[in-house]
Amino acid sequence: MTVTPLVFGHVAALPADDLPAYVYDLDALRTHAAAVRAALPAGVELYYAAKANPEPAVLAALRGSVDGYEVSSGGELAHVRRAVPDAPLAFGGPGKTEAEITEAVRVGVHRWHVEGVQELHRLADVLAATPQASVDVMLRVNLPVTSGSLDSVALAMGGRPTPFGMDPDGAEACVRLLAGPLGSRLRLRGIHAHLASGLDASAQLAVAEHITDWSAELAERHAVTFEEINIGGGMAVDYTDPAARFDWTAFGAGLEKLLARHPGLTLRIEPGRALTAYCGWYATEVIDVKQSYGEDFAVLRGGTHHLRTPATRGHDQPFTVLPVEDWPHPWARPATTTGRATLAGQLCTPKDVLAHRAPVDGLRTADRVVFALAGAYAWNISHHEFLMHPRPGFHFLGSDDA
Ligand SMILES: *Cc1c(COP(=O)(O)O)cnc(C)c1O
């Protein structure tokens, strides 16, 4: 069972008209985040990438386990500052406007993830017009990672054309610029690279090692010191197995070895999905069950306009059925007949499917369905306005103490 007892009991007790609902277990989130933190050695800082799920209650529940938050827009910056005042923030994202840069300089952020040469100039320009003494910058680099222990999976991560960060020659140019007059107010702290997502612990370690080695060579070439390397997020979440977890213990042990080779270095990671995916569920009920040309379809209250994750990633969202015995109607209760059902939503598009031909054991109209792994890139990436159905409810369960 991947639905926590707290969430299961809550969903069972909700009136049908309060469905669909996003239900979060903040105690489960705190426990998970604390375990992640505990698996990381000294010298590794844990930031949370707010875009994965910026609900204020989620941000606050993480506060005890994370060192800071990564924000990628002026909107996220303002929002996270409100939700967790005084938390250190790293400000990243491509396409920072002058207004966003000005505001971030004004309020002060812990680290700037600079995306390119022009952004460096723009930041220096804004800074020159303010009384603030200096800012701390990391250069976001898009490194090729195609060799070594990653060959087996033929991963070509990073090093591909993207609008994110800068190519290695851009990083060289920035380091040279920061060695000049710009460097007096823009302190170069190190390198940032977020190269891939969905990596298991051994692949993440190989990437971390590659970024760290590459950065050390860059620093040596320019006779500078990098105190910090941010190796990004992208730790895998397995949507086929909601009970599985990224191997944080192996990852932490690997990072400890890596740090032993680079004394004095601080490593930073900024996962999003792998921190919050497990703390959220999307609960709903079956409105109708039909047979179409030999296949069973369960039509649910809600759909991908609330939980777009399976549509964007092309997966089936894992779920648990909560049987409801009460059937007050005089007509026969529609139910599945084949042992498999496609779980569709209320939208008038064939893309509105949360799970395809999933095994079900006699799913009936009015049964409840609780989708797991809905705590990250779920509600906040969905197209809520399409077809104008009502919004889901939001329930944050768990003790209030942080
Ligand atoms: C999205 C993002 C993350 C988080 O990625 P996850 O796959 O959710 O761990 C971290 N860093 C940057 C720069 C990102 O854009």
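Residue numbering note: each chain is counted from 1, following its sequence as written. Where local features are concerned, this predicted model is filtered to residues with pLDDT of at least 70; where side-chain atom pairs are given and counted, the filter is 80 or more; whole-chain, interface and lining totals use all residues. No hydrogens and no water enter the side-chain calculation; it runs on all heavy atoms of the structure.

Draft legend 1. The nonpolar core, seen in detail. Counting 120 residues, the largest nonpolar core has Y69, W112, L139, W248, F251 and L255 as the members making the most contacts within it. The helix count covers DSSP runs of H or I at least four residues long, the strand count covers runs of E at least two residues long, and both are numbered beginning at the N terminus. It is helix 8 (residues 201–221) that contributes the most residues to this core, nine residues altogether. We define a nonpolar core as any set of buried Ala, Val, Leu, Ile, Met, Phe, Trp, Tyr and Cys residues linked to one another through side-chain atoms lying within 4.5 Å. Relative accessibility thresholds used throughout: buried, under 20% of the residue-type maximum; exposed, over 50%; partly exposed, between the two (1.4 Å probe, protein chains only).

Draft legend 2. Structural detail: the side chain of T304. Counting through the fold element by element, T304 comes out in the loop between strand 11 (295–300) and helix 11 (309–313). The class for T304 is buried, based on a relative accessible area of 3%. Within polar-contact distance, the side chain of T304 engages the side chain of D352 at 2.6 Å. Those residues in contact with T304 that sit more than four places away from it in its chain are A311, L347, K351, D352, V353, L354, S382 and H383. Within 3.5 Å is the distance limit for a polar contact, defined as a pair of N or O atoms, with the added protein rule that one can donate a hydrogen and the other accept it, and that residues adjacent in sequence qualify only through two side-chain atoms. We call two residues contacting when some pair of their heavy atoms lies within 4.5 Å.

Draft legend 3. Main features of the sheet that holds strand 3 (residues 68–71). Reading around the barrel, the eight strands line up as 2-3-4-5-6-7-8-9 and close back on themselves, with parallel pairing between neighbours. The average angle at which neighbouring strand axes cross in this sheet is 30°, direction not considered. Note on pairing: DSSP must find at least two bridges between two strands before they are called paired. When strand 8 (residues 228–230) meets strand 9 (residues 266–269), the two strands line up parallel, connected through three bridges. Residue pairing for strand 9: E228 is matched across the bridge by T266. Here an axis means a line fitted to C-alpha atoms, over the contact stretch when the element is a helix, while the angle between two N-to-C directions is reported on a 0 to 180 degree scale. Packing against the sheet, helix 6 (residues 117–128) makes contact with strand 5 (111–114), strand 6 (135–140) and strand 7 (186–192), and its axis sits at approximately 140° to strand 5. On top of the sheet, helix 7 (residues 168–179) reaches strand 6 and strand 7; it is set at about 160° to strand 6, its chief contact.

Draft legend 4. Main features of the site of the ligand. In these notes, residues near a molecule or strand are those with any non-hydrogen atom within 4 Å of it. Lining the immediate surroundings of the ligand are 14 residues, of which K51, G234, E270, R273 and Y377 lie closest. At 2.9 Å, a backbone N or O of G272 approaches an oxygen atom of the ligand. Values of accessible area rely on a 1.4 Å probe in the Shrake-Rupley scheme; residue burial ignores everything except the protein chains shown. Protein contact buries 90% of the 390 Å² of open area that the ligand shows by itself. Partitioned by chemical class, the residues of the shell around the ligand number three nonpolar, six polar and five charged. For this classification, the nonpolar set comprises Ala, Val, Leu, Ile, Met, Phe, Trp, Tyr, Cys and Pro, the charged set comprises Asp, Glu, Lys and Arg, and every other residue, Gly included, is treated as polar.

Draft legend 5. Summary view of the environment of R111. Looking at the element boundaries, R111 is found in strand 5. Overall, the relative accessible area of 4% leaves R111 in the buried class. With 26 residues separating them in the primary sequence, R111 and V137 have C-alpha atoms 5.6 Å apart. Contacts of R111, omitting those with residues within four sequence positions, involve L89, A90, F91, D136, M138, R189, E228 and R268.

Draft legend 6. Fine view of helix 6. Helix span is expected to be 1.5 Å times the residue number reduced by one. Along its twelve residues, helix 6 runs 17 Å from first to last C-alpha, staying within 8% of the 16 Å computed at 1.5 Å per residue. Of the positions making up helix 6, those classed as buried are E119, L120, L123, A124, V126 and L127. Along helix 6, the residues classed as buried sweep out an arc of 165° about the axis, all on the same side. Exposed residues on helix 6 whose side chains face more than 90 degrees from its buried face are Q118, D125 and A128. In this structure, the buried side of helix 6 is in contact with helix 5 (98–107), strand 5, strand 6, helix 7 and strand 7. What the arc covers is the set of directions going from the helix axis to the C-beta atoms.

Draft legend 7. Geometry of the domain arrangement of the chain. Note that the domain bounds were set by an automatic or database domain assignment. Segmentation of the chain into domains returns domain 1 (5–20 + 278–397) and domain 2 (88–271). Centre-to-centre separation of domain 1 and domain 2, based on C-alpha positions: 39 Å. Listed per partner, the contact involves ten residues of domain 1 and eight residues of domain 2. Accessible surface is computed with a 1.4 Å probe, and the buried area is the amount of it that two parts give up when combined, taken over both parts together. Between domain 1 and domain 2, roughly 680 Å² of surface is buried when both sides are summed, and carbon and sulfur atoms account for 67% of that area. Of all residues in domain 1, the largest losses of buried area upon contact with domain 2 belong to Y278, P318 and L373, amounting jointly to 69% of the total for that side. Salt bridges are defined by distance alone: a side-chain nitrogen of Lys or Arg within 4 Å of a carboxyl oxygen of Asp or Glu. At the junction of domain 1 and domain 2, the tally comes to zero salt bridges.

Draft legend 8. Molecular detail of helix 4 (residues 74–83). For helix 4, the full list of buried residues reads E76, L77 and V80. Buried residues of helix 4 fall within an arc of 105° about the axis and therefore sit on the same side. Seen from the buried face of helix 4, the exposed residues on the opposite side, beyond 90 degrees, are G75 and R82. For helix 4, the elements touching its buried residues are helix 3 (56–62), strand 3, strand 4 (89–91) and helix 5. In this structure S73 caps helix 4, since a side-chain oxygen of it lies 3.2 Å from the backbone nitrogen of G75.

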